[in-house]
Structures are given as structure tokens and as C-alpha cells.
Amino acid sequence: MKKITIAIDGYSSTGKSTIAKQLAKQLGYVYVDTGAMYRAVTLYAMQKGFIGDGTIDKDSLVAHLNDINLAFKYNKYLGFAEMYLNGVNVEKEIRTLNVSRYVSAIATISEIRSMLVKQQQEMGKKKGVVMDGRDIGTVVFPDAEMKLFMTASPDKRAKRRYKELLERGDDVIYQEVLENVINRDHIDSTRKDSPLKKAKDAIAFDNSDMGLQEQFERIYSLTLRIIEAI
Ligand code: DC
């Protein structure tokens, strides 16, 4: 079967990574979580003290971009690739609410975006990739054969994220998670460089009231139709 590029964009906590992982597994494609890359850069900035008390020392961070090595390593027990920052597995640390608080601001920095977009284009150049993020169908792979734009109500999304954080044992308050989701949507969709928006040729998919199985079946059959039509 011919390999294609699948770009999945959308607001935070719309279940992009869930459907991306399912599609990649079913099709034997590589899954790339580009949000993890922005999160890892944010974690690096925190570790180096470039983020503190609500401020970001952008100049110092940009001056150190060459010191940031990002890699995905496949974990066969989990069935997906985990994020490594300078050789260290940071999969857990990058998912904390603290990283979520700063990641959208970090993702507005053009120097960071252009570095990560290049790496993402390199990872997907042979096709057979499912990539999720905010600018995949618009900037990273504008020619992707399949583009999805995921949406769901802020309340549904915050509830999902809250549940995930609780399951991981994080001490969080629902209201904080909801505020973070709304705040990130705002920053992501109003930033100057590559704002989150639906590509003209993307298929919008609202999963507010849809179970995971139904979502997968619908999107998978759509994918097969696209692959067959090529
Ligand atoms: O998908 P996520 O919630 O893990 O993404 C974290 C943040 O990274 C998100 O708020 C915006 C940013 N991001 C981005 O700007 N472009 C991408 N391709 C992926 C994520």
C-alpha cells in the first residue's frame, strides 16, 4: 500500500495523540508527537533557569538552542516513542502542569519553531508518518495527503486532561487545568508565527460526544479511502 503523510492538528487535549497512535499502529507508520518537542525545549529552559517567576529569558534560550538534542526512542512495551532530551528520558517531566503553563509561550519563539519544524520535516520526509501538533497541515507538511483538524469543547478537553493528570498521581485542581487549556488555545491560535488554524483542505473532526472506538473506526476508514484514491 502506498505510504502517505497524515497531519493531525487541533486544540490542546482534543485526543490528537490518541488517534495518531492508533493510526500509526494500524498502518505500521511512525508516530511523531511534535508537542513533546516544544515541551522538551520548555523543560530545558526550566532546568537552565531561563524560565522563572512567570518570565522567560528568550535571548539566553535562543543562544543555547544548539545545546538541545531531541530524540524519540521507541519503547516496545508502551508501543510508542518516548521523548529524550540530551540523552535523558523526559517523557514524564514534560507532561506536568508546570511545563504546560509555559510551553505555549515558548512555542511563540520563531527561532525555536524553525529549528523544530526542520527536524519534523526531516523525520517525515519518507512519508509513512502520522504527526500531530498545531501547524503540521499548514506549515510542516502543507502537502500532506491527509489532514485532520480535531476539536472538542473546552470543558470536555479539560476533563480529559484532568483525569490524565490525576491518573499519573499529579496534585491538580480542575479549575487550573481548565484555565490552562483555555489559555493555551488563546496563545496558540493568536501567535504571529504559525498560529493554530485549520488548513483549508483539512477535515474538521469534533469528538466532544464521540467514543474512542467510533472515532477510530471513522477516521481509519477515511484514511483507507484516501490511500486507495492515490
Ligand atoms: O500537543 P501539546 O499539548 O503537547 O503541545 C504543547 C504546546 O506546544 C502547545 O500548547 C503549542 C505547542 N505546539 C506548537 O506550537 N506546535 C506544534 N506543532 C505542537 C505543539
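Scroll up to find the structure this text is about.
Chains are numbered independently. Their residues run from 1 in the order of the written sequence. It should be noted that, the model being predicted, local features are given only for residues of pLDDT at least 70 and side-chain atom pairs only at 80 or more, the latter also being counted only at that level, while totals for whole chains, interfaces and linings use all residues. Values reported for side chains reflect all heavy atoms of the structure, with hydrogen atoms and water molecules removed beforehand.

A.B. asks: Which parts of the structure should I look at to understand the packing of aromatic side chains?
C.D. replies: Aromatic ring pairs are described here by two measures, namely the spacing of the ring centres and the angle between the planes. Centres within 6.5 Å make a pair out of two Phe, Tyr or Trp rings, where for Trp the six-membered ring is used; the pair is then stacked when the planes are under 30 degrees apart, edge-to-face when over 60, and tilted otherwise. Counting across every chain of the model gives three aromatic pairs. Relative to Phe 149, the ring of Tyr 11 lies with its centre 5.9 Å away and its plane at 80°, an arrangement referred to as edge-to-face. Taken as a pair, Tyr 11 in the loop between β1 (5-10) and α1 (16-27) and Phe 149 in strand β9 (residues 146-151) lie far apart in primary sequence, 138 residues in all. One Lys or Arg, Lys 21, reaches over the ring of Phe 80 and ends 4.0 Å from the middle of that ring. In this scheme, Lys NZ or Arg CZ marks a charge over a ring once it lies within 6 Å of the ring centre and within 35 degrees of the ring normal. Over the aromatic face of Tyr 84 sits the side chain of Lys 73, whose NZ or CZ is 4.3 Å from the ring centroid. We count a stretch as a helix when DSSP gives it H or I for four or more residues in a row; a strand needs E for two or more, and each element gets its number in order from the N terminus.

A.B. asks: Even after reading the chapter, I still don't get the pairing of strand β5 (residues 70-75), so can you show me in this structure?
C.D. replies: Regular strands have side chains that alternate between both faces of the sheet. In terms of strand pairing, β5 meets strand β6 (residues 80-85) through six bridges, oriented antiparallel. Residue Lys 73 lies in a different strand from β6, and its bridge partner there is Glu 82. By definition, two strands form a pair when at least two bridges between them are found by DSSP. Once β5 ends, the chain turns through four residues before running back antiparallel as β6, passing Gly 79 with a positive phi of about 85°.

A.B. asks: Quick question: what am I supposed to make of the site of the ligand here?
C.D. replies: Each residue is tested against the molecule or strand, and it is near if at least one of its non-hydrogen atoms lies within 4 Å. Lining the immediate environment of the ligand, one finds 16 residues, of which Arg 39, Ser 104, Arg 113, Asp 135 and Arg 191 sit closest. Among the elements of the structure, α2 (34-47), α4 (97-106) and α8 (174-190) are those that each provide at least two residues to the shell around the ligand. For the shell around the ligand, the leading source of residues is α2, giving four residues. Note on residue categories: nonpolar means Ala, Val, Leu, Ile, Met, Phe, Trp, Tyr, Cys or Pro, charged means Asp, Glu, Lys or Arg, and polar means any other residue, Gly included. A class-by-class count of the residues in the shell around the ligand yields four nonpolar, four polar and eight charged.

A.B. asks: Just to check I follow, could you spell out the side chain of Asn 75 for this structure?
C.D. replies: As for its placement among the helices and strands, Asn 75 is situated in strand β5. Each polar contact in these results corresponds to two N or O atoms within 3.5 Å; when the atoms are within protein, one needs to be able to donate a hydrogen and the other to accept it, and residues that are neighboring in sequence are counted only if both atoms are side-chain atoms. Here Glu 82 takes part through its side chain, which lies 3.0 Å from a polar atom of the side chain of Asn 75. If near-sequence neighbours (up to four positions away) are discounted, Asn 75 is found in contact with Phe 80, Ala 81 and Glu 82. Residue contacts are defined here by distance: any two heavy atoms, one from each residue, within 4.5 Å place the two residues in contact.

A.B. asks: Looking at this structure, I do not really get the sheet that holds β5. What am I missing?
C.D. replies: Backbone-to-backbone hydrogen bonds join strands into a sheet, with any given pair of strands oriented parallel or antiparallel. Sheet architecture is open: three strands sit in the order β5-β6-β7, paired in antiparallel fashion. Both outer strands of the open sheet, β5 and β7 (88-89), are each paired with one neighbouring strand and no more. For every element, the axis is a line fit to its C-alpha atoms; helices are fit only across the contacting stretch, and the angle between N-to-C directions ranges from 0 to 180 degrees. Along the sheet, α2 makes contact with β5 and β6, crossing β6 at roughly 25°.

A.B. asks: Would you explain the pattern of salt bridges in this entry?
C.D. replies: Once their charged atoms are close, side chains differing in charge can pair, the charge on each being opposite to the other. By convention in these notes, a salt bridge is any Lys or Arg side-chain nitrogen within 4 Å of a carboxyl oxygen on Asp or Glu. The tally for this structure, following the rule as stated, stands at 17 salt bridges. Between Asp 170 and Arg 168 there is a salt bridge, and its shortest N-O distance comes to 3.1 Å. Accessibility here uses a 1.4 Å probe with only protein chains present; expressed as a share of the type maximum, an area under 20% marks a residue as buried, one over 50% as exposed, and anything in between as partly exposed. Residue class for Arg 168 comes out partly exposed when judged on its relative accessible area of 35%. Via salt bridges that share partners, Asp 33, Glu 91 and Arg 95 belong to a single interconnected network.

A.B. asks: Help me understand the environment of Asn 183, please; the structure alone is not making it clear to me.
C.D. replies: Within the secondary structure, Asn 183 is located in helix α8. With 82 residues separating them along the chain, Asn 183 and Arg 101 place their C-alpha atoms 8.8 Å apart.

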